[in-house]
Amino acid sequence: MSDTPTYGEIAVGFDFNPGGNTKVSHVKRQYADIIDDLHDGLLESSDELQKHEFEQAIDHAKIAQMLAVKAITRKKA
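A quick note: this is a predicted structure, and the numbers were derived from the prediction, not measured.

Draft legend 1. Layout of the pattern of salt bridges. Scanning the entire structure with this criterion turns up four salt bridges. For the salt bridge of E48 with K51, the shortest nitrogen-to-oxygen distance reads 3.7 Å. With E48 and K51 both in helix α3 (residues 48-73) and three residues apart, this pair spans about one turn of that helix. A relative accessible area of 25% places K51 in the partly exposed class. Residues joined in a network through salt bridges with shared partners are E9, R29 and D33.

Draft legend 2. The arrangement of the packing of aromatic side chains in detail. Overall, the coordinates contain zero aromatic pairs when judged by the stated rule. Positioned above the aromatic ring of F14 is the side chain of R29, whose terminal nitrogen or guanidinium carbon lies 4.5 Å from the ring centre.

Draft legend 3. Broad picture of the side chain of S45. Following the sequence through the fold, S45 ends up in the loop between α2 (22-44) and α3. The exposure class assigned to S45 is buried, which follows from its relative accessible area of 8%. In this structure the side chain of S45 is engaged in a polar contact, spanning 3.1 Å, whose partner is the backbone nitrogen of D47. With residues up to four places along the chain from it excluded, the contact list for S45 reads Q50, K51 and F54.

Draft legend 4. Seen up close, α3. For α3, which comprises 26 residues, the first-to-last C-alpha distance of 38 Å matches the rise-based estimate of 38 Å (1.5 Å per residue) to within 8%. Taken together, the buried positions of α3 are occupied by F54, I58, A61, Q65 and V69. Along its buried surface, α3 packs onto α1 (7-12) and α2. If you check the start of α3, you find a side-chain oxygen 3.2 Å away from the backbone N of L49, and it comes from D47.

Draft legend 5. Focus on the side chain of H39. In this fold, H39 is placed in helix α2. Excluding its chain neighbours within four sequence positions, the residues that come into contact with H39 are Y7 and I58.

Draft legend 6. View of the environment of H60. Within the secondary structure, H60 is located in helix α3. On the accessibility criterion, H60 (55% relative accessible area) is exposed. For H60 and I35, which are 25 residues apart along the polypeptide, the C-alpha to C-alpha distance reads 9.7 Å.

Each value, and the rule that gives it
- Residues numbered from 1 in each chain as written.
- Predicted model: local features only at pLDDT ≥ 70, side-chain atom pairs only at ≥ 80, totals over all residues.
- Heavy atoms only, no water.
- Salt bridge = Lys/Arg side-chain N within 4 Å of Asp/Glu carboxyl O.
- Helix = DSSP H or I, 4+ residues; strand = E, 2+ residues; numbered from the N terminus.
- Buried < 20%, exposed > 50% of the residue type's maximum accessible area, 1.4 Å probe, protein only.
- Phe/Tyr/Trp six-rings, centres within 6.5 Å; stacked < 30°, edge-to-face > 60°.
- Lys NZ or Arg CZ within 6 Å of the ring centre and 35° of its normal.
- Polar contact = N/O pair within 3.5 Å; in protein donor to acceptor, adjacent residues only side chain to side chain.
- Contact = heavy atoms within 4.5 Å.
- Expected span 1.5 Å × (residues − 1).

Below is the structure:
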């Protein structure tokens, strides 16, 4: 990660990993990259429907990332 976090790194809370879990870092990196690609598409688009679809895709990627981290860090009963 550079000194200035990307949109995707901010969106996934890349720096927040108090347990230092390497799987969490890996998943967050992948989703940050996906979100950055989608955000680039959003910024480049002039079509309102396409912008809406990019926004929804970003929101769903953030949700998927959170669920993935939850699954990775779940404590066994």
